[in-house]
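# Notes for the structure review
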Amino acid sequence: MRILIKNGTVINAGGRQQADVLIDGDRIVALIARPTDGSAIADKAGAALLALGADETIDATGKWVIPGAIDSHTHMELPFGGTFAKDTFETGSRAAAFGGTTTIVDFAVQSKGKSLQEGLDVWMAKAEGHAVIDYGFHMIMSDVTDETLAEMDRIVDQGVTSFKLFTAYPGVFYSDDGQIFRAMQQSGKNGGLILMHAENGIAIDVVAGQNAAAGNTDPIWHGRSRYPVFEGEATNRVIRLAEAAGVPVYIVHLSVRDALDAVREARDRGAKAFAETCPQYLFLSLDDLGNGFEGAKFVCSPPLRTKDNWDELWTGLIKDDLQNVATDHCPFDFEGQKELGRGDFRKIPNGLPGVEDRVDLLHDGGVVAGKITPARWVEICSANAAKIFGLYPRKGAVAVGADADVVVYDPNRKHTISARTHHMDCDYSCYEGREVQGGSDIVISRGRVIVKDGQFLGKPGDGQFLKRELAHWVRKN
Ligand code: URP
Ligand code: ZN
Ligand code: ZN
């Protein structure tokens, strides 16, 4: 199957180009620069390829042609607080596709007492035959022992080249400093990347317990118990540990100035500290946690912060102290799931739906608002995730030889986000009623058109497991 995307503006992290894109099978085979003065195409090889014709021609006049987005932080079917994140790999990846995302990197979970391999096998089985777009895995380590440390090397060999550890959630995912440090040392040997959920969970549990005991049980107290300094302290601590171990570290879901300061200071002294933020920290705030138990819809960790952090985080993105925006998609229905925490905010399952909205929110709030260029938008939606997580240039670029994961994006189309129309399996939207400018018209995953005219044309099982390389700064070639 050959698809020709004509007359569009190709936008990559490196900039924009008027070019036609030719796809053959699952790869991009030609980018043919289009003269704007009406003269004949100078690219002879490209013209020859064009002359062969295409099975399908897409007219992208007035549209942008961008790399399929990569959401490098999702939790399909994550067990949490006695329930499971609602989206399966099928429903969650379909929703991702509607939002212009053609790759997810989800978190396989090692359960306490079990091996990493057992956890990975479970997540492979959840995804295989169900995902509609390509997927990779990070590995959550909840039990750092001599055995699991040795096992890390074998997990890396299987293309799962990053490991998430937590200074939060004592008794569940929490690791102490010694365990974190040992995992970092091991990653220095096997080239894996350590991802950190950096909040001081021990201190948070003290404050949360005190608040609950005082009768402060509403969702707002989830946010009020998790002080910004607890995230700042843990972020600084894990970066320092990584420096001591001589390895890079990547902070997931960074939410607040205190943590960003730690990253900025580390980068200024030359530490290999990298970080992502999430749309919820750029567009939602602590205020959303108010309004009685309705606030449960906005409970995630780290929590939503005060609005004055928004500009700080945008500055972080502009100045590259934050390199990536991922969703931390982890949806729980309000009815029956978030409600588990009625009367005790500590029992509200943590996480928000978001995999479908990221690309449009960042376009609207970033590009349309004049904060970032279209090229930077592509960088934080796909290219940097591909580089950091060992997928580049197969993913994250509209380039010859890359996988044909391509989105025809309309930068002018407006739509209103709503749970009534979204495709995520979640009974509410955090962005209900928000109008955004920009939308994915056509989504192509490895050469197959999977979304067109608002219709889903893909099928479960078409998504493939991605055996990832090491991060681009670790690779020797
Ligand atoms: O609230 C969140 N973030 N839930 C998902 C688990 C995690 O810590 O990423
Ligand atoms: Zn986390
Ligand atoms: Zn997460």
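Here, every reference points to the structure presented above.
Because the structure is predicted, anything quoted here is derived from the model rather than measured.

Now for the coordination of the zinc ion (ligand 2). All of the protein donors around the zinc ion (ligand 2) are Lys164 (NZ), His197 (ND1) and His253 (NE2); their distances to the metal are 2.1 to 2.2 Å. All donor residues of the zinc ion (ligand 2) come from one chain, and their arrangement in sequence is K-x32-H-x55-H. Between the zinc ion (ligand 2) and the zinc ion (ligand 3) there is a metal-metal distance of 3.8 Å. On the criterion of sequence distance, the pair formed by Lys164 in strand S12 (residues 162-166) and His253 in the loop between strand S14 (249-251) and helix H9 (257-268) is long-range, its members being 89 residues apart. Of the two residues, Lys164 and His253, both sit in the buried class.

Below, the discussion takes up the site of ligand 1. Ligand 1 sits among 13 residues. The nearest are Lys164, Tyr169, Ser301, Asp328 and Asn350. Ser301 places a polar main-chain atom, nitrogen or oxygen, 2.8 Å from an oxygen atom of ligand 1. A distance of 3.4 Å separates an oxygen atom of ligand 1 from a polar backbone atom of Gly351. Starting from 270 Å² of accessible surface for ligand 1 in isolation, the protein chains cover 99%. Of the residues assigned to the shell around ligand 1, the class counts are four nonpolar, seven polar and two charged.

Before going further, it helps to examine the pairing of strand S11 (residues 134-140). Taken across its seven residues, S11 has seven buried, putting it largely inside the fold. Neither face of S11 is left uncovered, since the one carrying Asp134, Gly136, His138 and Ile140 and the one carrying Tyr135, Phe137 and Met139 both have all their residues buried. Judged from the seven bridges that link them, strand S10 (residues 101-109) and S11 form a sheet pairing that is parallel. Across the sheet, residue Thr103 finds its bridge partner in S11, namely Asp134. Read from S10 through helix H3 (residues 116-127) to S11, the crossover connection turns out right-handed. As paired elements, S11 and S12 share two bridges and run parallel to each other. Each residue of the ladder has a partner; that of Met139, found in S12, is Phe163. In this region the chain leaves S11, passes through helix H4 (residues 146-157) and returns to the parallel neighbour S12; the handedness of that crossover is right-handed.

About the cut-offs
Residues numbered from 1 in each chain as written. Chains lettered and ligands numbered in written order. Predicted model: local features only at pLDDT ≥ 70, side-chain atom pairs only at ≥ 80, totals over all residues. Heavy atoms only, no water. Donors = N, O, S within 2.8 Å, 3.2 Å for Na, K, Ca; no water. Helix = DSSP H or I, 4+ residues; strand = E, 2+ residues; numbered from the N terminus. Buried < 20%, exposed > 50% of the residue type's maximum accessible area, 1.4 Å probe, protein only. Near = heavy atom within 4 Å. Polar contact = N/O pair within 3.5 Å; in protein donor to acceptor, adjacent residues only side chain to side chain. Areas by Shrake-Rupley, 256 points an atom, 1.4 Å probe, with all protein chains shown as cover. Nonpolar A, V, L, I, M, F, W, Y, C, P; charged D, E, K, R; others polar. Pairing = 2+ DSSP bridges. Right-handed = clockwise from strand over helix to strand, strands pointing away.

Purely geometric numbers; function is a separate question.
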